[in-house]
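Secondary and tertiary structure notes
One letter stands for each residue in the lines below.
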Amino acid sequence: MPAPEGPPVPRIVQLLASPVHRYVGRPADGPAPAPEGELVEEVHIRAGLGIVGDRYFGRPAHREASVTLTAEESLPPGADLRQVRRNVLTAGIAVDDLVGAVLVLDSGAGPVRLRVNRPANPCAWMDVAIGPGAWKALRRRGGVRCTPLTDGILRVGPVDVAIEAPPDQRP
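Attention in this report is confined to the structure presented alongside it. (Residues numbered from 1 in each chain as written. Predicted model: local features only at pLDDT ≥ 70, side-chain atom pairs only at ≥ 80, totals over all residues. Heavy atoms only, no water.)

With respect to the element layout, Leu-114 can be found in strand 8 (residues 112–119). In the structure, Leu-114 is positioned 49 residues away from Ile-163 in sequence and 9.7 Å away in space, judged by C-alpha atoms. Among residues more than four places away in sequence, those in contact with Leu-114 are Val-67, Leu-69, Ala-101, Val-102, Leu-103, Leu-105, Cys-146, Thr-147 and Pro-148. (Helix = DSSP H or I, 4+ residues; strand = E, 2+ residues; numbered from the N terminus. Contact = heavy atoms within 4.5 Å.)

So, in structure tokens, the structure goes:
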């Protein structure tokens, strides 16, 4: 008799560290060209600053949103980080349910702690980048915006996951 299938093994599917903003102006004008190499195998994260080499790294206005995550299960088939412009694409982690928690990810180089601050709401660009109806389909499933609490490295592949309650909600 075959072994019963358990829940999917959590993993990091893709990582994006892009030095440029691609969605500027009006969606009808289309996105700016993507730089080569924005999809990477690993990212270096700095506490309070974000992902080294990313467009939001160290920007005071983005400190609480310097690392963004989205779940592969939420995206339409064929969509990836190049369209949704998040930093970390996960599988097997319900990231949209984690607002207010601390997410701890360890992809083999030690734990990286991320405070999940708020939803990363999709914008009208999704209908251009992915296809008509994507903006509406991604509402409440657009991922989350986080503050990195520790320095570390995240890599594509399997990831150990822990979820901590915020300090003000611990027993």
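Of the two faces of strand 6 (residues 88–91), the one lined by Val-88 and Thr-90 and the one lined by Leu-89 and Ala-91 are each fully buried. Inspection of the sheet shows strand 1 (residues 11–16) paired to strand 6 by four bridges, in the antiparallel sense. Paired with Gln-14 across the bridge in strand 6 is Leu-89. Here strand 5 (residues 67–71) pairs with strand 6 via three bridges, running parallel. The residue of strand 6 that forms the bridge with Ala-71 is Thr-90. (Buried < 20%, exposed > 50% of the residue type's maximum accessible area, 1.4 Å probe, protein only. Pairing = 2+ DSSP bridges.)

Here the focus is the environment of Arg-139. Its place among the elements puts Arg-139 in the loop between helix 3 (134–137) and strand 9 (144–148). A residue is classified by how much of its surface remains accessible, and Arg-139, at 37% relative accessible area, is partly exposed. Taking the C-alpha atoms as reference, Arg-139 lies 9.7 Å from Ser-74; in sequence the two are 65 residues apart.

Attention shifts here to unusual backbone geometry. Here Arg-85, not a glycine, exhibits a phi torsion of approximately 60°, which is positive. Relative to the helices and strands, Arg-85 is located in the loop between helix 1 (81–84) and strand 6. When its relative accessible area of 8% is taken as the criterion, Arg-85 is described as buried. Phi at Arg-140 takes a positive value of approximately 65°, unusual for a residue other than glycine. Turning to its location among the elements, Arg-140 is positioned in the loop between helix 3 and strand 9.

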